[in-house]
Each structure stands twice: as structure tokens, then as C-alpha cells.
Amino acid sequence: MRTRLLIATMLLACTAMQARTPKASKTPAQQLIERMAKLQKRGIMYGHHDDPFYGLGWEWDEERSDTYSLVGDYPGVMSFDLGGIEMGDAKNLDSVPFIRIREEIVKQHERGGIITISWHLRNPLLGTTAWIEADQKAYEAALPYLKKIGQADKVPAPHSTVKSILPGGSQHAKFLTWLQRVTDFLSTLKDSKGNAIPFIFRPWHEYNGGWFWWGKGRCTDEEFKQLWILTQNYINRTLSDVIVWSCSPNLGVVPAEFYSRWPGDERVDLLGLDAYQWGTEADYIQQCNADLDFLDAYAKEHGMLFAMTECGYKNSPDATWWSRVLRPMMDKHPLCYFLAWRNAQHEHFGCAPGLATADDFKQMAKQKEMLFTKDIKKIK
């Protein structure tokens, strides 16, 4: 965002900009952007959500990781989520203590890894979760009766949530409090020497789908852009020097819709795609390649980093999925990282010892283009 020309130059010729701008004068966020640009030219980092908290057959063990158990190294990128911090909760929506999240962010940074943070926040208007489909269905079912008794205007419609938190809305003051709680937590992310840790922040993701209260059909394009700007301007008052801002639509990108909701090139440092296989392999490959073609070209043209910010195939039904399905698409589109979602007891998206995909993933991990923390530690 703040270094648009720098990113474009880095992706084309890293050394030119290095000679022009002394490293000491760059913010931690700018240094992280440069570093990821270098890494994107060298290979692709593997990322995993909630990697050090739980996995296949274990929970909350210290110094444990499915990735490390499988390949002898930690993911180059680790993902964490702040859902629940806005409520003042001690644990996030997946029962991970925020104290532990802070500790693991510091560990990942000090071992040389990169951090990305998402935020599945609750619905400030309804008091429910980030997922809105059930709320919408219940509202629509009740609406005829509410109209009949003259109470339809007294019950808030789920699709008015974003409007309610923008300036002038009924929940605006509450949302500013939530933003301050996020800012307060992010401000505590410091290494053992007291230096602020730079990170990728990825709010309002999958906004082209209808399952979150900020998604398609839940607010207008203009309301979504105002939401992004409000969030970014508020948090950047304190943390602009350490945040790399990431915007990530879901699989199924429609170019016209992408442009109409885009918050602005100057407001995005890293363009991502959340791309899970839910249907057939053929449909997934076709749609994923189409989206990657479009987003890869956009990122290059507009000088920003590019990543697969979420991906996976739930519960590993295909033993060769990593190398046979996902890897060929990534080879066509240079990414700085791809990030598998969490390995929980009831569902898993990353790889782990004992899974049918373990041998396939290990063979892929041995390739020099695949980067884990030991591979990226010395690249600053």
C-alpha cells in the first residue's frame, strides 16, 4: 500500500530499489514486503493456520506442530485469528487463549517465520457469529409475521449490519471500541528485544461470498469499501509501520464484481485468494486457474504481492492432491505463499503424520522451491 512502486520494482528487479533506499530508513512493514518479494522470486512458502496449537490427535501441547512432525520444520507462514478479541474474551473463537497467540507469534517471528492474522469477528448488530446465513434465513422466515403484527421495522435485518457500524449507524460507537481492542492487542506484538513485529493483516476476507455478514448480498459495494477504509484508517493511526494489508476474495472471482468492491490499490499490499476444493476436482482446477490467472495479472500490473491465503481439501480424501492438483496450478502462478487451514479434531486441511497425503506432501516439501522457516530464515 505505502510502497506500491517499491513492490513492483522488487518483483521485477530487487537490487535497483535496494540501492536507492537504505534499509535503516524503511519501516518494518516495508522490510517485510521487500522480504516477501525476494522470497516470491525464490520459491513458495508453505503456510498453516493455528499450526502450534492443535493437530491430528493432540491439543495445546507446547512446542508441537503437525508440520514440524511431518517435515522437520515449521511453516514459513503461520496464521492466527483474533475472533473474540472484540468482545474482550480471553480466548478466540476456536478456544485459543490470546496470551498463547501472542507467545506463538513471537516464537514464529524469532525463528525467522512470517505471521498473518485474520479476524472472524462477531456480528455487532445481532450479537451472533461472523457467519450470517442462519440469521438471514431466520429473519426471512419471521418477516411475514413481523409485518402482520407491525413489528418489521423494529427487528434489524441481518443485511444491514455493515451499514449499522459505519459513521452515523447505530453500532458505530461499539465498532470503534472493537477496533481499539484489536489495535491494543496488535500493539503488544513485540520481540524479546521490545521491537514491534511486522505482520500481514487480512480482514474482511472472502467478501465475494455470502456467508459472512460483510459479504456479497449483505452490504452494498460502497458500504464494503467504507468498511475497509474505516478499519484501515483506524488501525493505521497506531500501527501503519508494521502492517502489511491483505485483501483476499474467495474462489469464484467475477472481474466486474472484483472491481466494484475493490478498496483501492493504495490500500492493499498483498492480493490473496481463498481457494478450497469443495466440489469436483475438474471444477476446482478450472475455477482456480481462472481466478489465479486474473488475480496474478492484476497483482503484477499493480505492483503487489500475491498469495493463496487459504486453501485445502477437507480431511484429505485424495492421497496425491498436493502434488497432482494444487502444485501444478501454483507452478503456473508465482505465489509468495499458500496457506492450508487448520488441523482440528473434526476436520483438517493441512498435512500431518499418518494421513493418506503424508508421503505426497513430504515429497513435495523436499523440492527446493518449497520454503519452510529454515529456508527463509536468512533472507531478510
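See above for the structure.
As the structure is a computational prediction, the values presented were derived from the model and not from experiment. (Residues numbered from 1 in each chain as written. Predicted model: local features only at pLDDT ≥ 70, side-chain atom pairs only at ≥ 80, totals over all residues. Heavy atoms only, no water.)

### With respect to the overall build of the protein chain
Inference 1: Along the backbone of the protein chain there are 14 helices and 11 strands.
Inference 2: For the protein chain, whose C-alpha radius of gyration is 21 Å, the value lies close to the compact-globule estimate of 21 Å for 380 residues.
Inference 3: Overall, the protein chain is about 65 × 50 × 40 Å in size when its C-alpha atoms are taken along their principal axes.
Inference 4: Within the span of the protein chain, comprising 380 residues, buried residues form 58% of the whole. (Helix = DSSP H or I, 4+ residues; strand = E, 2+ residues; numbered from the N terminus. Rg over C-alpha atoms; globule rule 2.2 N^0.38 Å. Buried < 20%, exposed > 50% of the residue type's maximum accessible area, 1.4 Å probe, protein only.)

### Focus on the pattern of salt bridges
Inference 1: In this structure the tally under the stated criterion is 20 salt bridges.
Inference 2: Glu281 serves as the salt-bridge partner of Arg324, at 2.8 Å between the closest nitrogen and oxygen. Of this pair, Arg324 sits in helix H12 (residues 321–332) while Glu281 sits in helix H11 (residues 281–301), and the two are 43 residues apart along the sequence.
Inference 3: On the basis of relative accessibility, which here comes to 28%, the residue Glu281 falls in the partly exposed class.
Inference 4: Connected through salt bridges with shared partners, the residues Glu62, Glu63, Arg100, Glu104 and Lys107 form a single ionic network. (Salt bridge = Lys/Arg side-chain N within 4 Å of Asp/Glu carboxyl O.)

### Examining the state of the cysteines
Put plainly, a disulfide is one covalent bond tying together the sulfur atoms of two cysteines.
Inference 1: Counted under the stated rule, the structure contains zero disulfides.
Inference 2: In this structure Cys219 is a free cysteine whose sulfur lies 12 Å from that of Cys247, the closest cysteine sulfur available.
Inference 3: Using a relative accessible area of 9% as the deciding quantity, one classes Cys219 as buried. (Disulfide = S-S within 2.5 Å.)

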